[in-house]
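Breakdown of the fold
For reference, the chains in residue letters:
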Amino acid sequence: MQASLLNSRQVRHGQCAGPRTSARGMALRPPAPAPMHVQPSIVLAGYAVGPKRVHRRVAMQRVQAQEESTPAPAQEHPFPEEADFDLLTTKIAEVTKNLNEELCGCSIYLVGMMGSGKSTLGKMLANTMKYAFFDTDSMLDKTLDMPVSSIFKDYGEDYFRDCESQVLKQLAPYKNLVVATGGGAVIRPLNWGYMHSGVVVWLNGPTDLLAKRVAKEGIEKRPLLASPDNANPSQEQLYGTAKAKLDSLLEERTKFYDSADLKISLEGYCEDAEKGAPTAVVMYRLLCALRQRIEDTKAEREARKNVVIENHGDVPSMRVQESPVAQQQQEQEQQEQEQQQEQEQY
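Overview of the structure. (Residues numbered from 1 in each chain as written. Predicted model: local features only at pLDDT ≥ 70, side-chain atom pairs only at ≥ 80, totals over all residues. Heavy atoms only, no water.)

The subject of this paragraph is the sheet that holds strand β5 (residues 177-180). Where strands meet in a sheet, backbone hydrogen bonds hold them as pairs that are either parallel or antiparallel. Across the sheet, 5 strands lie side by side as β4-β5-β3-β6-β7; this open sheet has parallel pairing. The two strands at the open ends of the sheet, each matched to only one other strand, are β4 (132-135) and β7 (262-265). Strand-to-strand twist in this sheet, taken as the mean axis angle between neighbours without regard to direction, amounts to 25 degrees. Where strand β3 (residues 108-112) lies against strand β6 (residues 199-204), 5 bridges are found, and the strand directions are parallel. Residue pairing in the sheet places Ile108 in a bridge with Val199 of β6. (Pairing = 2+ DSSP bridges. Helix = DSSP H or I, 4+ residues; strand = E, 2+ residues; numbered from the N terminus. Axes fitted to C-alpha atoms, helices over the stretch in contact; angles between N-to-C directions.)

Put into structure tokens, the structure is as follows:
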């Protein structure tokens, strides 16, 4: 036991010749046995502890190491159908069944702040519902043969909004369309007259999420983020600029977005909390809200058919109630008849 406490260098130099002799060859006395009432101690982390405490500490260390190595249990998703892709595909098929017949070709207009994914969702939704897809920004790019950023830079935002209104005016008479509008299309009341020919859907997401998406796309696709003081901003600067701009725009436009027929959240759960809900999940939410809106409209129409008049016998209607003038004339006639009868009797 003594040799185990020496290092290998001491053993090589002969400082430990054996368990019972020293380096000089002198015999060593065997260690005296410990009293029965005294438990042998072990040096652990600088403290002398007994066997029970050692076992207890080792067990605690093992439990702590196991807790650190074991990954935290995954947070349960509040909507299981959104977490399972196969189940989500089945649910989408169930929701879209006979949905086109109930819509009767009613178009869908997507509105929302920049970065809300209107174009990406619009393409997927149009493909699912067998609708035609139009993006107002892309139509202006092709019509004017210049990107949106150049239109803003050369002609200004007012000119861009005028062109955007013209595009919505041309699309309004058609059916079976999914139209992704610009973020500022809602600020003009004229555009609401065009979009209300169909169903208007607001894709609503927190500005923190939208700012992250917008910053990745850069200034070329988002001209409203351009700053004359900094032509080549970093990613962090773009995020800060986008966050401040989106907060300001959302405060101004919320009153317009509230006029939409449906409001769809972009919030993600569990692993999608930071990057937002996937496009397929957002489309599923939209389809469910659309079907629910149709069911509510049907129920409202049926409720209007079943009209029940309560206490109709207590209060007579105007059609059966006599006018005060007619009552006075009737009373006068009765009085005249009574007077004539009295005269005849005499």
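Now that the structure has been shown, the text picks up again.
If you check the backbone angles, Lys130 has positive phi at about 60 degrees while not being a glycine. In this fold, Lys130 is placed in the loop between α6 (118-129) and β4.

The next subject is the pattern of salt bridges. Inspection of every chain in the model, using the stated rule, returns 10 salt bridges. Its salt-bridge partner being Glu157, residue Arg161 comes within 3.3 Å of it at the nearest N-O pair. With Arg161 and Glu157 both in helix α9 (residues 157-171), this residue pair falls 4 residues apart, about one helical turn. The class of Glu157 is partly exposed, set by a relative accessible area of 31%. When the shortest N-O distance is used, the salt bridge between Asp208 and Lys212 registers 3.9 Å. Highlighted residues: Asp208 and Lys212, both in helix α11 (residues 207-217), separated by 4 residues, approximately one helical turn. (Salt bridge = Lys/Arg side-chain N within 4 Å of Asp/Glu carboxyl O. Buried < 20%, exposed > 50% of the residue type's maximum accessible area, 1.4 Å probe, protein only.)

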